[in-house]
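# A look at the structure
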Amino acid sequence: MNPSSDPLQVVHLSKRYKSRTGSEVEAVSDISFSVALGECFGLLGPNGAGKSTTIQCISGFYPASGGEVFVDGHNVHTQPKQARRVLGVCNQDETLDSDFKVLDQLILHATYFRIPKPEAKKRAGELLERFGLGEKSGENIENLSGGMKRRLQVARALISQPCVLVLDEPTTGLDPDVRRMLWEVLVQSRSEGVAILLCTHYMEEAERLCDRVAILHQGKILDVDSPEKLIAKHINRDEVEEEVRPGVIWKRKPNLEDVYLKLTGSRLGVEGL
Amino acid sequence: MRIPDTLWSIGCVWMRYYSAFMKSLLYYLLTTFLEPIFYLLSFGLGVGALVGNITTEGMHMSYRSFIFSGIIAQTVLFQGFFEGSYGAFVRMYYQKIFQAIAITPITLSEVLWGELLWDATKATVAAEVVGLIGVGTGDFTPHCLLTLLPVCFLSAFLFSAMGLATAGFSRSIDELAYPQYLLVFPMFLFCGVFYPIESLPDVLQKVAWFFPLTSVISLVRTLTLGMPFEPQAVPLLLVWLVVLVAVARRSMFKRLVK
């Protein structure tokens, strides 16, 4: 049992594995962070930065090569059942169970957490309403749009009323209105005290939703702080100039993307970093 | 009384499969039971009427009874292997069901036990239905269905594990065809479903005994037709069972977990 009160703690986590070609890959390298109750913590980085591998280690699906992960004080690798009872995970891949209709899907998922069926039904109905899927409860999964499937997958992660919610790229490829709806749900969950780990490569999303952000690059955390402090610390200018196309220069406020580009050594035509 | 976590979790996975089965009952009944029934009608009644009676290992019997018992074993092989290979591959690769369940309090190890248990259950029930038809036609006695149960279940577990190992090793759904054509169909044709393996040359008989279906067929015929018990059948079956279950689980872990 870890003595700290933060419901999610990642301590010196490393993950190495052999690629298909046989070479050793270090996807995650000695990263540490914790997420407090009612906090939204962003893991920010491009594809291949190690975000999904980190999530697979946090959920206990991948064993860690080094370090530990604690969920509500339980080590996810030595006490996976206890840890996962309070952990809700929404993977980047669509993992909805296409053999079951929308409502049944949620009820079925609740049974994996030993939630009694009447309670599961009640929670499932409430979640479908909250995610705007109430009218789709009897639909087959293949009849849902991409945005609906994504909402359902996030709803499924909440069916166990977790104290830690882990979301891997929840809004990738979604329309702006669906994205905003998911943002509202996340804000509401955070206000209810859920600790949220949000993995995203959308800088605007991280800036908008996250209390703190870790910039992840090639498996390493380059810096952790609130978006405002990161921008102030690494950019320290009121305005940056960006050549958006040859001969056209925009002046704008610095953002997390600028921080990311500066920390990773990329410039991409942004001046003043 | 609270059921121990691991047992409950495996049961939960089994129930997920059962619920999916019940939701598409007509489809599953057709795909599970029609094939062995077609074999029964074609070989049992058709070829059986042509051949009449046969004598094997000093016993005289109708070819129909002989073939019925072989088709019980063949049903276990086909149902177990195809559910474990194609069924599990679709669940793992396309539906990502294993990945979805194994991030809940149910572990991947329990998901895989639940998968094998379900595949074996389905194959056992299919085999028992063939047995029931045999009882109806007077080829077997009703108590055979009970004595067959453990043999069918263990062999169904074995062939399901063979299928699951195949799913774990295959990079694409097309690759599932290799063991299907190089292992399953040769077993079906050369392990004694349609004729006593004593008809084969000595070398081929030895080769046939290496494959688990020969042991299964031998035990099924002992239990249904009273044919002589071959003592090597049980240890061979158990060794295959242990090896294939271990290989299946290892291959799936290697496939899913980095």
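Structure: see above.
No experiment lies behind these values; they were computed from the predicted model shown.

In terms of regular secondary structure, chain A is built from nine helices and 13 strands. Here the C-alpha atoms of chain A give a radius of gyration of 20 Å, agreeing with the 19 Å that 2.2 N^0.38 yields for 273 residues. Taken along the three principal axes of its C-alpha coordinates, chain A extends 60 × 40 × 40 Å. Within chain A, the fraction of its 273 residues that count as buried is 52%. For chain A, the proportion of contacts with a sequence separation of at least 24, taken over those separated by at least 6, is 64%. Total accessible area on chain A is roughly 12,100 Å²; 46% of this is exposed by carbon and sulfur atoms. Chain A carries 35 positive and 39 negative side-chain charges, and their two centres are separated by 4 Å.

Here we come to the packing of helix α8 (residues 227-234) of chain A against helix α9 (residues 256-264) of chain A. Residues and elements named next belong to chain A. Contact pair α8 / α9: the axes reach a minimum separation of 9 Å and the direction vectors enclose 50°. Judged on the interaxial angle alone, α9 and α8 are oblique. Handedness of the α8/α9 crossing: left-handed. Seen from α8, the contacting residues are P227, L230, I231 and H234; seen from α9, they are L256, V259, K262 and L263. Looking at side-chain class alone, the contact of α8 with α9 contains six nonpolar, one polar and one charged residues.

This paragraph deals with the interface of chain A and chain B. In this complex, chain A contributes 29 residues to the contact, which on the side of chain B involves 29 residues. Each partner contributes to the roughly 2,700 Å² buried at the junction of chain A and chain B, and carbon and sulfur atoms together form 58% of this total. Its largest share of buried area at the contact with chain B, chain A owes to A:F61, A:Y112 and A:R114, together 29% of the area lost on that side. Summed over the shared surface of chain A and chain B, the result is six salt bridges.

Another aspect to go through is the packing of aromatic side chains. Tallied over the full model, the rule gives 26 aromatic pairs over all chains. Ring centres of A:F33 and A:F41 lie 4.8 Å apart, and the angle between their planes is 10°; on these two criteria the pair is classed as stacked. Assessed through its relative accessible area of 0%, A:F41 is described here as buried. Both rings, one in B:F210 and one in B:F211, keep their centres 5.4 Å apart while their planes meet at 80°; by these two values the pair is edge-to-face. For B:F210, a relative accessible area of 51% translates into the label exposed. Aromatic rings pair up to connect B:Y39, B:F43, B:F78, B:F81, B:F82, B:Y86, B:Y181, B:F185, B:F188 and B:F194 into one cluster. Its guanidinium or amino end placed over the ring of A:Y202, A:R179 lies 4.4 Å from that ring's centre, counting from NZ or CZ. Residue placement shows B:R221 over the ring face of B:F66; its charged tip is 3.5 Å from the ring centre.

As a further point, take the state of the cysteines. Residues and elements named next belong to chain A. Counting across every chain of the model gives zero disulfides over all chains. C199 supplies the cysteine sulfur nearest to C90, a cysteine that is in no disulfide, at a spacing of 11 Å. According to the relative accessible area criterion, C90 is buried, its value standing at 0%.

Residues and elements named next belong to chain B. Within the secondary structure layout, L183 lies in helix α7 (residues 177-190). Look at L183 and you get partly exposed, because its relative accessible area is 25%. Taking the C-alpha atoms as reference points, L183 and L30, 153 residues apart in sequence, are found 25 Å from one another.

Moving on to the sheet that holds strand β2 (residues 24-35) of chain A. Residues and elements named next belong to chain A. Overall, antiparallel pairing links the four strands, which are arranged β2-β1-β4-β5 in an open sheet. The open sheet is flanked by β2 and β5 (74-75), the only strands paired with a single partner. Across two bridges, the pairing between strand β4 (residues 66-71) and β5 is antiparallel. Bridged to F70 within β5 is N75.

All names here are of chain B. Here helix α10 (residues 233-256) spans 34 Å end to end across 24 residues, near enough to the 34 Å set by a 1.5 Å rise per residue. Looking at α10, one finds that the buried residues are A233, L237, W240, L241, L244, V245, A248, R249, S251, M252 and L256. Next to the buried residues of α10 lie α3 (63-94), α4 (97-101), α5 (108-136), α6 (143-169), α8 (202-210) and α9 (212-225).

Before going further, it helps to examine the pattern of salt bridges. What the rule picks out here adds up to 25 salt bridges over all chains. Among the salt bridges present, the one from A:K149 reaches A:E94, with a minimum N-O distance of 3.7 Å. In this pair, A:K149 is assigned in helix α5 (residues 146-158) and A:E94 in the loop between β6 (87-90) and α3 (102-111), connecting sequence segments 55 residues apart. Relative accessible area serves as the criterion here: at 34%, A:E94 is assigned to the partly exposed category. Close ionic contact of B:R64 with B:D139 constitutes a salt bridge, the shortest N to O distance being 3.1 Å. Here B:R64, found in helix α3, pairs with B:D139, found in the loop between α5 and α6; they are 75 residues apart in sequence, far enough to count as distant. With a relative accessible area of 27%, B:R64 lands in the partly exposed category. Linked through salt bridges whose partners overlap, the residues forming this network are B:E83, B:R91, B:E115, B:D119 and B:K122.

Thresholds, definitions, all that
Residues numbered from 1 in each chain as written. Chains lettered and ligands numbered in written order. Predicted model: local features only at pLDDT ≥ 70, side-chain atom pairs only at ≥ 80, totals over all residues. Heavy atoms only, no water. Helix = DSSP H or I, 4+ residues; strand = E, 2+ residues; numbered from the N terminus. Rg over C-alpha atoms; globule rule 2.2 N^0.38 Å. Buried < 20%, exposed > 50% of the residue type's maximum accessible area, 1.4 Å probe, protein only. Contact = heavy atoms within 4.5 Å. Areas by Shrake-Rupley, 256 points an atom, 1.4 Å probe, with all protein chains shown as cover. Lys, Arg positive; Asp, Glu negative; His and termini not counted. Charge placed at Lys NZ, Arg CZ, Asp CG, Glu CD. Axes fitted to C-alpha atoms, helices over the stretch in contact; angles between N-to-C directions. Parallel < 35°, antiparallel > 145°, perpendicular 65-115°, else oblique. Left-handed = near helix turned anticlockwise from the far one by under 90°. Nonpolar A, V, L, I, M, F, W, Y, C, P; charged D, E, K, R; others polar. Buried area = accessible area lost by both parts, 1.4 Å probe. Salt bridge = Lys/Arg side-chain N within 4 Å of Asp/Glu carboxyl O. Phe/Tyr/Trp six-rings, centres within 6.5 Å; stacked < 30°, edge-to-face > 60°. Lys NZ or Arg CZ within 6 Å of the ring centre and 35° of its normal. Disulfide = S-S within 2.5 Å. Pairing = 2+ DSSP bridges. Expected span 1.5 Å × (residues − 1).

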